[in-house]
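# Examining the three-dimensional arrangement
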Amino acid sequence: MFNSLSDRLTATFKNLRGKGRLSEADVDATVREIRRALLEADVAVPVVREFTASIKERALGSEVSEALNPGQQVVKIVNEELQTVLGGETRRVNLAKSGPTVIMLAGLQGAGKTTLAGKLGKWLTDQGHKPVLVASDLQRPNAVTQLQVVGQRAGVPVFAPEPGATSEFDDPTGDPVAVARDGVAHARAKLYDVVIVDTAGRLGIDEALMRQARDIRNAVNPHEVLFVIDAMVGQDAVNTAKAFDEGVDFTGVVLSKLDGDARGGAALSVRSVTGKPIMFASTGEGVNDFEQFHPDRMASRILDMGDVLTLIEQAEKQWDKTEAERMAKKFTDQEDFTFEDFLVQMQQLRKMGSMKKMLSMMPGAAGMREQLENFDEREIDRVEAIVRSMTPHERVAPKIINGSRRARIARGSGVSVSEVNQLMERFSQAQKMMKRLAQGKGVPGMPGGIPGMGGGAGGGGKKGKAKKKGSRSGNPAKRAQENAAIASGQKPAATGSAFGAQSQQPDPESLNLPKGFEKFLGK
Amino acid sequence: MVIFGTMLLRKPKAPKGGYQHTRDIDDIPSAEGDVLVEERPATTVERPESALGRMARLRGRLSKSNNVFGKGLLALLSRERIDQDVWDEIEDTLLMADLGTDASLELVENLQKRVRVEGTQDPAHVKAMLREELLQLVDPAMDRTINSVGAPGKPAVVLVVGVNGVGKTTTVGKLARVLVAEDKDVLLGAADTFRAAAADQLETWGARVGVATVRSEHEGADPASVAFDAVQAGIDQESDVVLIDTAGRLQNKAGLMDQLGKIKRVVTKAAEVDEVLLVIDATTGQNGMTQAKVFAEAVNITGIVLTKLDGTAKGGIVVAIQRALGVPVKLIGLGEGPDDLAPFDAEQFVDALLD
């Protein structure tokens with residue numbers, strides 16, 4: 001079974017190796033796979049049709065005929081097109097010149113409007129604004145209570161004069177339009193500079209509720225109307241978006257639940273159908289899980305190409321700076337890597353969330369999808385248990401671990417001796433690897449593929465290579481990030497190119513890990 | 001970091017010890033069980049709508065939600081000649097119902113084969129064939145009853161799970177009404193201790209039909225303990241069915257999925273879990289498949305509830321799920337009214353698609 005576009009393209013281009021140029025049939029085959037990938041990412045059918053047609057046109061044109069790696073070239077075109085469609089420039093929130101800025105939220109039931117209100121409030125507060133949330137969702141039972149709780153969690157005041165419905169059986173009391181209008185007046189009086197109006201969730205076809213939303217829109221005259229849509233939504237995204245566009249004429253889109261593993265093709269559908277920009281992404285249940293939308297990342301996500309940037313950002317957020325510095329120093333001093341260090345690193349890794357997900361975000365993860373599928377998150381716990389069953393002395397000097405110590409460790413951690421042996425084996429390999437890195441040599445066998453990891457013949461993925469060639473930024477922080485990208489870009493080099501289309505010679509630079517690597521450790 | 005990743009992944013063989021599934025042999029629901037809705041007797045507290053009335057409304061709503069789909073197909077099939085373009089468009093139409101690429105392709109291929117074999121160009125005939133094929137995909141022979149009879153002396157335990165915002169709490173409330181209408185003694189467990197005011201919402205649903213809700217005193221309590229208390233109370237009060245509402249969780253949150261596994265394990269200490277219902281929103285696209293797979297792995301789902309079918313969404317993903325996992329769609333939610341939960345009927349579902 002092929003899981004991702006990269007997998008399938010690898011298969012499609014297996015026979016293309018060395019051909020150099022794309023025939024029309026080849027383009028057709030690629031476009032078919034791309035169509036499938038887009039459909040599986042829930043991009044709406046009409047949008048897919050239009051999109052693939054333009055891809056085909058571009059791919060058949062001059063651009064590709066000059067390409068050395070046709071498969072990658074097509075994917076590059078697709079990626080570029082996707083990014084263009086998803087929104088060239090970042091759009092900022094329109095703020096009012098005077099008086100409070102009014103932001104209205106609209107969307108289907110369960111899209112995450114109320115939660116988003118809190119997040120948006122928190123985000124604006126962090127930007128130095130003074131927002132207030134207005135509870136105009138009097139329809140859904142306990143929506144007002146929920147907004148109050150959310151507001152409390154986010155530290156944003158809530159304007160809720162009406163209790164709203166408290167159960168499915170109450171008739172909604174109060175006038176949401178009046179609440180919204182009062183909310184704006186309240187903000188003006190109390191000098192809040194942003195008003196976020198939470199409205200009732202509704203079906204696209206529910207005329208009454210849609211009219212209510214339009215009334216609210218007319219009453220408060222919002223500067224921004226944000227349409228909240230679930231990243232998991234399927235083909236219905238087009239209908240919903242159209243209905244809301246006609247209903248409330250939204251000005252921007254928020255993609256919610258992007259922390260799930262949905263590929264989020266809805267983003268593309270909504271954007272192409274309505275032409276409205278996607279402004280924010282909501283990525284979790286916490287009030288801080290909210291970010292500006294990144295079209296480039298979304299493009300690779302829709303295509304299922306791995307998301308290195310998010311990975312790096314996550315790493316940077318979570319990585320303990322002092323610990324990283326200590327590691328980096330150790331590294332440059334060519335000290336031995338011990339189990340103690342290993343334990344610390346592992347804990348840091350775990351802070352970043354699911355190991356499986358992190359590894360799968362790396363481009364080229366496709367080649368080892370099977371290993372990833374088989375990888376048990378709990379394996380990390382088991383490894384930790386083994387290390388924790390060692391004495392401090394053993395952790396620092398693993399060499400002293402003899403047979404009887406191994407037996408003891410195995411008993412202590414509830415695993416078999418052979419598992420302890422395996423860990424020791426892998427650990428000593430890693431130790432060697434670190435040593436070689438520190439000495440400025442390449443990782444033995446790295447470009448040739450790690451045994452048992454599968455993947456095609458060696459050769460860096462296009463992505464990693466492009467970055468390597470790019471100029472380094474003068475800004476240290478940015479530079480560190482670039483380098484980090486390079487460092488993690490080594491992984492695909494190890495596991496075979498994402499497309500396996502080319503068999504290029506190992507790039508000498510890709511062997512030269514240390515520079516990027518130590519930066520990645522945070523130095 | 002790369003190295004650690006490599007270290008952990010780099011194994012001579014698949015992880016030893018295997019994956020500790022929360023799945024047990026005895027978790028498989030027994031085949032027998034009450035038919036969910038046959039005749040609907042009047043209830044004491046409220047009088048839910050009769051099954052017949054429900055079905056009529058369901059039909060109306062379904063065809064409303066699907067008319068674009070159905071009409072589109074019919075128009076296509078009514079053309080004089082059926083060429084490749086038409087087939088492509090049929091495929092697109094199926095895709096637009098969120099049926100998924102595999103299921104759509106298979107359906108079109110089967111249909112094409114049959115049309116060629118039978119040598120027919122008659123649209124009515126082709127339509128009948130399409131109906132048959134669709135029906136075959138939906139598989140009416142599956143057991144779609146809710147298992148509402150527990151082990152002797154124990155209540156039947158129904159666990160309701162799903163991602164955020166699909167309508168789990170509402171489904172539990174509506175299901176309670178259905179069961180009360182069947183003269184079952186129902187108890188609700190508010191194991192959604194995360195979302196603000198979820199327990200209140202459930203309590204209101206219960207109070208309406210005279211059903212008690214077991215909940216925790218404070219927000220953020222251990223959901224497994226609340227669920228256990230609910231089942232224990234169910235045993236003590238000799239209830240027939242205990243419905244447990246859980247917090248919404250995205251399937252890729254390993255920690256939350258573990259928590260769900262724990263809820264089930266802990267509940268099993270008091271009574272077997274007889275039914276695990278996965279609630280899926282009809283607007284969900286291909287991600288629904290991942291949801292079903294992961295939830296099936298964590299708690300072995302036995303049925304699917306398809307909600308929000310009253311919009312423009314078609315919920316075709318459940319067909320794909322059923323096909324891949326063999327988990328039947330048991331109930332559908334067709335609106336916001338308290339009695340808008342109806343048993344899933346394959347024939348009617350398909351007919352509504354084609355009408």
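Nothing here was measured: the structure is a model prediction, and the numbers come from that model. (Residues numbered from 1 in each chain as written. Chains lettered and ligands numbered in written order. Predicted model: local features only at pLDDT ≥ 70, side-chain atom pairs only at ≥ 80, totals over all residues.)

### Focus: the overall build of chain A
How we decide: In DSSP terms, a helix is any run of H or I states spanning at least four residues, a strand is any run of E spanning at least two, and both are numbered starting from the N terminus. With C-beta atoms placed from the backbone, a residue is buried if 20 or more other C-beta atoms are within 10 Å of its own, exposed if 12 or fewer are, and partly exposed between those counts. Contact between two residues is assigned whenever their backbone-derived C-beta positions fall within 7 Å.
Within chain A, the regular secondary structure consists of 25 helices and eight strands. Burial analysis of chain A (523 residues in total) assigns 50% to the buried set. Excluding contacts between residues fewer than 6 apart, the proportion of contacts in chain A whose partners are at least 24 apart in sequence is 77%.

### Thoughts on the sheet that holds strand S6 (residues 252-256) of chain A
All names here are of chain A. The following threshold applies: Two strands make a pair as long as DSSP finds a minimum of two bridges between them. Angles shown run from 0 to 180 degrees and are taken between the N-to-C directions of axes, each axis being a line fitted to C-alpha atoms and, for helices, limited to the stretch in contact.
Sheet architecture is open: eight strands sit in the order S3-S2-S4-S1-S5-S6-S7-S8, paired in mixed fashion. Strands with a single pairing partner mark the edges of an open sheet, and in this sheet they are strand S3 (158-159) and strand S8 (290-292). Along the sheet, helix H7 (residues 143-154) makes contact with strand S2 (131-135), S3 and strand S4 (194-198), crossing S2 at roughly 165°. Contacting strand S1 (101-107), S4 and strand S5 (224-230), helix H9 (residues 207-220) crosses the sheet at an angle of about 175° to S1.

### Looking at unusual backbone geometry
All names here are of chain A. Of note, Asp 42 is a non-glycine position whose phi angle comes to about 70°, a positive value. With respect to the element layout, Asp 42 can be found in the loop between helix H2 (24-40) and helix H3 (45-60). Phi angles above zero are rare outside glycine, and Asp 249 is one such case at about 50°. Looking at the secondary structure, you find Asp 249 in the loop between helix H10 (237-248) and S6.

### A short note on the environment of Gly 220 of chain B
All names here are of chain B. Tracing the backbone shows Gly 220 in the loop between strand S3 (212-214) and helix H8 (223-236). Note on Gly 220: 8 C-beta atoms within 10 Å, which makes it exposed. It is 9.7 Å that separates the C-alpha atoms of Gly 220 and Ala 191, two residues lying 29 residues apart in sequence.

### So, helix H4 (residues 101-118) of chain B
Residue and element names in this part refer to chain B. Rules: Multiplying 1.5 Å by the residue count of a helix minus one yields the expected span of that helix. The reported arc concerns the directions from the helix axis to the C-beta atoms and nothing else.
Helix length check: H4, at 18 residues, gives a terminal C-alpha distance of 26 Å against a target of 26 Å (1.5 Å per residue), a fit within 8%. Within H4, the full set of buried residues consists of Ala 103, Ser 104, Leu 107, Val 108 and Leu 111. Across the axial projection of H4, the buried residues extend over an arc of 125°, all falling on one side. Exposed and oriented more than 90 degrees from the buried face of H4 are Lys 113, Arg 116 and Val 117. The positive-phi residue at the C-terminal boundary of H4 is Gly 119, with phi of around 60°.

### Quick word on the sheet that holds strand S7 (residues 329-333) of chain B
All names here are of chain B. With respect to topology, eight strands assemble into an open sheet ordered S3-S2-S4-S1-S5-S6-S7-S8, the strand pairing being mixed. Of all the strands in the sheet, just S3 and strand S8 (341-343) have a single pairing partner and so form its edges. Put simply, the sheet's adjacent strands are angled 25° from each other on average, direction ignored. Alignment of strand S1 (residues 156-162) against strand S4 (residues 241-246), held across five bridges, turns out to be parallel.

### Focus on the confidence of the model for chain B
All names here are of chain B. So the rule is basically this: Every residue carries a pLDDT, the predictor's confidence in it, which falls somewhere between 0 and 100.
On average, residues of chain B score 78 in pLDDT, and 75% of them are at 70 or above. Per-residue pLDDT stays below 50 along residues 9-44; that stretch engages in 59 contacts with residues further than four places along the chain or on separate chains. Reported for the predicted complex are a pTM of 0.70 and an ipTM of 0.73.

### Observations concerning the packing of helix H3 (residues 84-96) of chain B against H4 of chain B
Pairs of packed helices are described in terms of their axes, by the angle between the two and the distance that separates them. All names here are of chain B. Worth spelling out the cut-off: Helix crossings get a hand from a simple test, with the near helix turned counterclockwise from the far one by less than a right angle marking a left-handed crossing and a clockwise turn marking a right-handed one. Residue polarity follows a fixed list, in which Ala, Val, Leu, Ile, Met, Phe, Trp, Tyr, Cys and Pro are nonpolar, Asp, Glu, Lys and Arg are charged, and the others, Gly among them, are polar.
Contact geometry for H3 and H4: axes closest at 9 Å, N-to-C directions at 145°. Note on packing geometry: the crossing formed by H3 with H4 is right-handed. In this structure, H3 contributes Trp 87, Ile 90, Glu 91, Leu 94 and Leu 95 to the contact, and H4 contributes Thr 101, Ser 104, Leu 105, Leu 107, Val 108 and Gln 112. Taken together, the residues that form the contact of H3 with H4 break down as seven nonpolar, three polar and one charged.

### Here we look at helix H9 (residues 254-270) of chain B
It helps to recall that an α-helix has 3.6 residues per turn; residues three or four apart then point in one direction. Residue and element names in this part refer to chain B. Between its terminal C-alpha atoms H9 stretches 25 Å, which fits the 24 Å expected from 17 residues at 1.5 Å a residue. Considered for burial, the residues of H9 that qualify are Met 257, Leu 260, Ile 263, Lys 264, Val 267 and Ala 270. The arc that holds every buried residue of H9, seen down its axis, measures 130°, which confines them to one face. With respect to the buried face of H9, the exposed residues turned more than 90 degrees away are Gly 255 and Lys 269. In this structure, the buried side of H9 is in contact with S1, strand S2 (186-191), H8, S4, strand S5 (273-281) and helix H10 (287-299).

### Brief notes about the nonpolar core
Where we set the bar: A set of buried Ala, Val, Leu, Ile, Met, Phe, Trp, Tyr and Cys residues, joined through C-beta atoms within 7 Å, is what we mean by a nonpolar core. Each domain span listed reflects an automatic or database assignment of domains.
Of all hydrophobic cores here, the largest spans 191 residues; its most connected members are Val 195 and Val 197 of chain A together with Ala 176 and Leu 243 of chain B. Ranked by residues supplied to this core, first place goes to helix H6 (residues 168-181) of chain B with seven residues. Summarising the domain contributions, this core has at least three residues from each of domain 1 (3-85) and domain 2 (101-293) of chain A. Val 195 of chain A has contacts with Pro 100, Val 102, Ile 103, Val 132, Val 134, Gly 183, Val 184 and Ala 187 of chain A, leaving out every residue within four places of it along the chain. Val 383, Val 387, Val 420 and Leu 423 of chain A belong to the second-largest nonpolar core, a separate cluster that totals 10 residues.

### Digging into the domain arrangement of chain A
Residue and element names in this part refer to chain A. The assigned domain composition of chain A is domain 1 (3-85), domain 2 (101-293) and domain 3 (476-521). Counting residues at the interface gives nine residues for domain 1 and 14 residues for domain 2. Where the side of domain 1 that touches domain 2 is concerned, the elements lending two or more residues are H3 and helix H5 (70-86). Considered class by class, the residues forming the side of domain 1 that touches domain 2 number eight nonpolar, no polar and one charged.

### Here we look at the environment of Ala 430 of chain A
If you trace the backbone, Ala 430 of chain A turns up in helix H21 (residues 417-438). Each C-alpha atom, one on Ala 430 of chain A and one on Phe 342 of chain A, is 10.0 Å from the other, the two residues being 88 residues apart in sequence.

### Thoughts on the pairing of S1 of chain B
All names here are of chain B. Burial analysis of S1 places seven of its seven residues in the buried class, the great majority of the element. By the alternation rule, side chains of S1 split into Ala 156, Val 158, Val 160 and Gly 162 and Val 157, Leu 159 and Val 161, which are all buried. Two elements, S1 and S5, share six bridges in a ladder whose sense is parallel. Bridge pairing links Val 160 to Leu 277 in S5.

### Observations concerning the pairing of S6 of chain A
Residues and elements named next belong to chain A. The line we're drawing: Look down the strands so they point away from you; if the path from the first strand over the helix to the second goes clockwise, the crossover is right-handed.
Burial runs high along S6: four of the five residues are buried. Strand direction decides the pairing type here: S5 and S6, joined by five bridges, are parallel. Counterpart to Asp 230 in the pairing with S6 is Ser 256. Handedness of the S5-H10-S6 crossover: right-handed. Across three bridges, the pairing between S6 and strand S7 (residues 278-282) is parallel.

### A look at the confidence of the model for chain A
When pLDDT is averaged across chain A, the result is 73; 66% of the residues are at 70 or more. In this model residues 442-523 of chain A is a low-confidence stretch, pLDDT under 50, and it forms 160 contacts with partners more than four residues away in sequence or in other chains.

### Examining the packing of H10 of chain B against helix H11 (residues 317-325) of chain B
Residue and element names in this part refer to chain B. Our working rule: In these notes the angle categories are as follows: under 35 degrees is roughly parallel, over 145 is roughly antiparallel, 65 to 115 is roughly perpendicular, and the rest is oblique.
With their axes 9 Å apart at the nearest point, H10 and H11 run at an angle of 40° to one another. Taken together, the axes of H10 and H11 are oblique relative to one another. Handedness of the crossing formed by H10 with H11: right-handed. In contact with Gly 288, Met 289, Ala 292, Lys 293 and Ala 296 of H10, H11 contributes Ile 317, Ala 320, Ile 321, Ala 324 and Leu 325. The residue inventory of the contact of H10 with H11, partitioned by class, reads eight nonpolar, one polar and one charged.

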